[in-house]
Amino acid sequence: MFEQQLEEVVIEVDIASISTAESPRSSGEDPEHIQALAETEVTLPPIIVHRSTMRVVDGAHRLRAAELRGDEKIKVKFFDGSKADAFVLAVGSNITHGLPLSMTDRKSAAARIIVSHPQWSDRMIASVSGISAGTVAEIRRRTSAEETVSGSRIGQDGRIRPINSAAGRELASRLITANPGLSLRQIARAAGISPETARDVRNRMSRGEDPLPKARGAAKAGGAGGRRTEALSRSTAGAATAEVVPMADRLAAVHRLTSDPALRFNETGRRLLRLLNINMLSAEEWQEIIANVPPHCSSIVASLARECAGMWDEIAVRVDLQLA
């Protein structure tokens, strides 16, 4: 999560200069675990230290084990983020390896993260603190942090989504109506909601229910909603047609766009043209690329290809909506 703030270089630091204050572990260090680490012959990974405060972020037991062995120095990786981010990293590290945090400590840590990172979603905080999203939501309700939150939160995938997903649910329902074949991920991206919310909307629609958890009146017929549905229908038709458009016609279309001053003379336009040109490969060229994907990379490449395809689908939908 904070990889860009974690230095990869490992250096040796004087143990006496390092502090273990502000640990998420309320019960303190475990003497038996420290003893076991001190006696192991396996090389232990470097500890993580917050550079500006010299406090241990991850590795307090390894630090004590080194002291017990009589070491004067220990291998360290420095973290350069804020104190709040250092605490989050400490919590996340202590639920994934080493001596796990107790449930009490996890809940306490979640409450602290809610205050320091109120813009994070319940699921994101849950993934860091090792408890369920429902438990995080309950903790959030008991704090005053909710009052300081704006209209959106950042999810686990880094996307910003509104706290009130009513508008997103309504757009998702129109997407599903216009193109039932869209995947949950594609619907979620285009509507600005989570895949789970998109799944709930689809399930509600299949049962003939309102896409909103509580009925808030039927959607207005015609108007902007009607125009958006029409745009989505155009997008669906365009996607179906794109499969049979000859390569020569596609190349000609891109060539015409390349000649358009509205695209040529600004950076975002040129970026779009570069992306379109990259995708204008012949079937033979794509086959050559596919045939040369190493077997150990196949699953990653396939996953990324699906993600890219989903993003292009979303672009098609949103560009059509922009014209509505």
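Each remark here, short or long, concerns the structure printed above.
Quick look at the structure, then. Keep in mind that what you see is a predicted model, and the values were worked out from it rather than measured.

Attention now goes to the overall build of the chain. On a plain count of helices and strands, the chain comes out with 15 helices and six strands. Here the contacts in the chain between residues at least 6 apart in sequence split such that 67% fall between residues at least 24 apart. Total accessible area computed for the chain in this model is approximately 19200 Å², and 55% of it derives from carbon and sulfur atoms.

The next thing to look at is the nonpolar core. Counting 16 residues, the largest nonpolar core has Val91, Ile113, Trp120, Ile125, Val128 and Val136 as its most contacted members. Elements with a contribution of two residues or more to this core: helix H3 (83-96), helix H4 (103-116), helix H5 (122-129) and helix H6 (133-141). Leu175, Leu184, Ala188 and Val201 belong to the second largest nonpolar core, which has 14 residues in total.

Turning to the pattern of salt bridges, a few remarks are in order. Overall, the coordinates contain 18 salt bridges when judged by the stated rule. Between arginine 140 and aspartate 122 there is a salt bridge, with its nearest N and O atoms 2.8 Å apart. Pair noted here: arginine 140 is in helix H6 and aspartate 122 is in helix H5, with a separation of 18 residues, a long-range link. Given a relative accessible area of 2%, arginine 140 falls into the buried group. Taking the relative accessible area as the measure of exposure, aspartate 122 reaches 17% and is therefore buried. Two residues, glutamate 209 and arginine 204, come together in a salt bridge whose shortest N-O distance is 3.6 Å. Among the charged side chains, a salt-bridge network with shared partners connects Arg169, Asp200, Arg204, Arg207 and Glu209.

It is worth spelling out the packing of helix H7 (residues 166-178) against helix H9 (residues 195-206) at this point. Direction vectors running N to C along H7 and H9 enclose 60°, while the axes themselves pass 10 Å from each other. One element, H7, and the other, H9, form an angle in the oblique class. The hand of the H7/H9 crossing is right-handed. For the pair H7 and H9, the contacting residues are Arg169, Ala172, Ser173, Ile176 and Thr177 in the first and Thr197, Ala198, Asp200, Val201, Arg202, Arg204 and Met205 in the second.

On to unusual backbone geometry. One non-glycine residue, glutamate 22, adopts positive backbone phi at about 60°. For glutamate 22, the location among the structural elements is in the loop between strand E1 (11-14) and helix H1 (31-39). Residue glutamate 22 is classed as partly exposed on the basis of its relative accessible area, which comes to 46%. A positive phi angle, close to 60°, is found at methionine 54, a residue other than glycine. As for its position among the elements, methionine 54 is in the loop between strand E2 (47-50) and strand E3 (55-58).

Next up on the list: the sheet that holds E3. Pairing is mixed in the open sheet, where four strands are placed in the order E1-E4-E2-E3. Each edge of the open sheet is held by one strand with a lone partner, namely E1 and E3. When the angles between neighbouring strand axes are averaged without regard to direction, this sheet yields 60°. Bridging between E2 and E3 involves three bridges; their strand directions are antiparallel.

What follows is about the pairing of E2. Residues of E2 alternate between two faces, with Ile47 and Val49 on one and Ile48 and His50 on the opposite face, all of them buried. Hairpin connection from E2 to E3: four residues lie between these consecutive antiparallel strands, with methionine 54 at a positive phi of about 60°.

This paragraph deals with the environment of proline 31. Within the secondary structure, proline 31 is located in helix H1. Classification of proline 31 as exposed rests on a relative accessible area of 61%.

This part covers empty space enclosed by the protein. For the structure shown, the criterion picks out one cavity of 30 Å³ or more. Estimated volume of the largest cavity: approximately 140 Å³. Of all the secondary structure elements, the ones that give two or more residues to the lining of the largest cavity are E3 and H3. The biggest single contributor to the lining of the largest cavity is H3, with four residues.

Parameters and conventions
- Residues numbered from 1 in each chain as written.
- Predicted model: local features only at pLDDT ≥ 70, side-chain atom pairs only at ≥ 80, totals over all residues.
- Heavy atoms only, no water.
- Helix = DSSP H or I, 4+ residues; strand = E, 2+ residues; numbered from the N terminus.
- Contact = heavy atoms within 4.5 Å.
- Areas by Shrake-Rupley, 256 points an atom, 1.4 Å probe, with all protein chains shown as cover.
- Core = buried A, V, L, I, M, F, W, Y, C linked by side-chain atoms within 4.5 Å.
- Buried < 20%, exposed > 50% of the residue type's maximum accessible area, 1.4 Å probe, protein only.
- Salt bridge = Lys/Arg side-chain N within 4 Å of Asp/Glu carboxyl O.
- Axes fitted to C-alpha atoms, helices over the stretch in contact; angles between N-to-C directions.
- Parallel < 35°, antiparallel > 145°, perpendicular 65-115°, else oblique.
- Left-handed = near helix turned anticlockwise from the far one by under 90°.
- Pairing = 2+ DSSP bridges.
- 1 Å grid on protein atoms, 1.4 Å probe; cavity = no way out; pocket = protein on both sides within 12 Å on 5 of 7 lines; lining within 4 Å.
- Points joined across faces, edges and corners; volume = space filled by probe spheres on them.

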